[in-house]
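The lines below spell out each chain.
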Amino acid sequence: MPLLELSNIRKDFGGLRAVDDVSLQIPEGAIIGLIGPNGSGKSTLINLIAGSEALTAGRIIFAGDDISDFTPDAVYNSGIARGYQEPSLYFKMTVLDNVLLPVKEQRGEQPWHAPRWSSWQGEEAAQAERAMEVLEQVQLVGHYDTLAADLSGGQMKLLEIARALMGKPRLLLLDEPTAGVAPKLAYEIFQQIARLREDYGITFLIVEHRLEILFDFVDTVYVMHLGNLLAQGAPADIAEDATLREVYFGD
Ligand SMILES: Nc1ncnc2c1ncn2[C@@H]1O[C@H](COP(=O)(O)OP(=O)(O)OP(=O)(O)O)[C@@H](O)[C@H]1O
Ligand SMILES: [Mg+2]
């Protein structure tokens, strides 16, 4: 059974079909690349899986469950976390606080429980411990007290990934995880992704324009064009694919 299965998913924005009957299957533990020219529907596909856009048609099955109508919260709770194309960090807060902030339903934040600190202090300590654990996983633990604004571009991307790891996702959706990052650091981000798969069995679906790096790390590449899946295959085959070259480079 695949971990994620998309069956004929479609998204219309008014008259524009941004995702056009896309079907694909992602096995657990895979690192999958999703590429295609600007506006081909990659981010929309990610948004559909994450539940932040509603499907026009089709079905999304995750770990055997139909999550087609799930809210973003429900998708997250089912084991799918995501990063965004535009980084969304709290720059005036520390690295540790950035990881802790999205944790929902902390008892200490509820008026009913707040004065009864003994009912939540264990929970808070556990969250902080978990946060240090995910910072360790992306090798940012030494920077836990640094302000997010003082991180390098690559470290900011890793912090986003750390935050996504808080909920122990089985599937991580990343939209251009190396955008705006220097080449050497971009390579290091992908090395971290490979380690996360190796150490924790996390499955990745990664949108990326930097093919020269992406192709070194992914098992399978999907190519989108005008909302359609144009091709799929091993990176070496996709790199040689004449259709892809035409779509991307116009030759
Ligand atoms: N909320 C929206 N409302 C209307 N049209 C949208 C919306 N989001 C995306 N689109 C359109 O859908 C198409 C696909 O956009 P999408 O952002 O998915 O492309 P992309 O492949 O991620 O591009 P890029 O590589 O530039 O990030 C584009 O034509 C875009 O203008
Ligand atoms: Mg995009």
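Values in this document were obtained by computation on a predicted structure and should not be read as measured data.

Student: Please set out unusual backbone geometry residue by residue, giving values where relevant.
Tutor: Phi at Asn8 takes a positive value of approximately 50°, unusual for a residue other than glycine. Structurally, the position occupied by Asn8 is in strand E1 (residues 4-13). Of note in this structure, Glu176 is not a glycine but carries a positive phi near 55°. For Glu176, a relative accessible area of 11% puts it in the buried group.

Student: Describe the sheet that holds E1, with residues and values.
Tutor: Taken together, the four strands give an open sheet; going across it, the order is E2-E1-E4-E5, and neighbouring strands pair in antiparallel fashion. Pairing within the sheet leaves two strands with one partner each, and these edge strands are strand E2 (16-26) and strand E5 (65-66). Examined bridge by bridge, strand E4 (residues 57-62) and E5 share two bridges and lie antiparallel to one another. Bridge pairing in E5 links Ile61 to Asp66. Packed on one face of the sheet, helix H1 (residues 42-50) meets E1, E2 and E4 and runs near 115° to E1.

Student: How would you explain helix H5 (residues 153-165) if you had to name every residue and give the values?
Tutor: Within an α-helix, residues lying three or four positions from one another point in the same direction, as the helix has 3.6 residues per turn. The end-to-end C-alpha distance of H5, which contains 13 residues, comes to 19 Å, matching closely the 18 Å that a straight helix rising 1.5 Å per residue would cover. Burial runs high along H5: 11 of the 13 residues are buried. Within H5, burial applies to Gly154, Met156, Lys157, Leu158, Leu159, Glu160, Ile161, Ala162, Arg163, Ala164 and Leu165.

Student: Tell me about H1, residues and numbers included.
Tutor: H1 sits mainly inside the fold: eight of its nine residues count as buried. Just beyond H1, the residue with positive phi is Gly51, at close to 85°.

Student: Outline the pairing of strand E8 (residues 203-207), supporting the account with residue identities and numerical values.
Tutor: With five of five residues buried, E8 is to be regarded as a mostly interior element. On E8, burial covers both faces: Thr203, Leu205 and Val207 on one face and Phe204 and Ile206 on the other are all buried. The pairing of strand E7 (residues 171-175) with E8 spans five bridges and is classified as parallel. Residue pairing in the sheet places Leu171 in a bridge with Thr203 of E8. Note on the crossover from E7 through helix H6 (residues 183-200) to E8: the handedness is right-handed.

Student: Pulling in residues and values, what's your account of the nonpolar core?
Tutor: Residues Ile35, Leu159, Ile161, Leu172, Ile193 and Phe204 are the most contacted members of the largest nonpolar core, which totals 45 residues. A total of seven residues in this core trace back to one element, the largest contributor, which is H5. Excluding residues that lie within four positions of it along the chain, Leu172 makes contacts with Ala81, Arg82, Ile161, Ala164, Leu165, Ile202, Thr203, Phe204 and Leu205. Among the nonpolar cores identified, the runner-up in size contains 28 residues, and Ile49, Val75, Ile80 and Met224 belong to it.

Conventions and cut-offs
Residues numbered from 1 in each chain as written. Chains lettered and ligands numbered in written order. Predicted model: local features only at pLDDT ≥ 70, side-chain atom pairs only at ≥ 80, totals over all residues. Heavy atoms only, no water. Helix = DSSP H or I, 4+ residues; strand = E, 2+ residues; numbered from the N terminus. Buried < 20%, exposed > 50% of the residue type's maximum accessible area, 1.4 Å probe, protein only. Pairing = 2+ DSSP bridges. Contact = heavy atoms within 4.5 Å. Axes fitted to C-alpha atoms, helices over the stretch in contact; angles between N-to-C directions. Expected span 1.5 Å × (residues − 1). Right-handed = clockwise from strand over helix to strand, strands pointing away. Core = buried A, V, L, I, M, F, W, Y, C linked by side-chain atoms within 4.5 Å.

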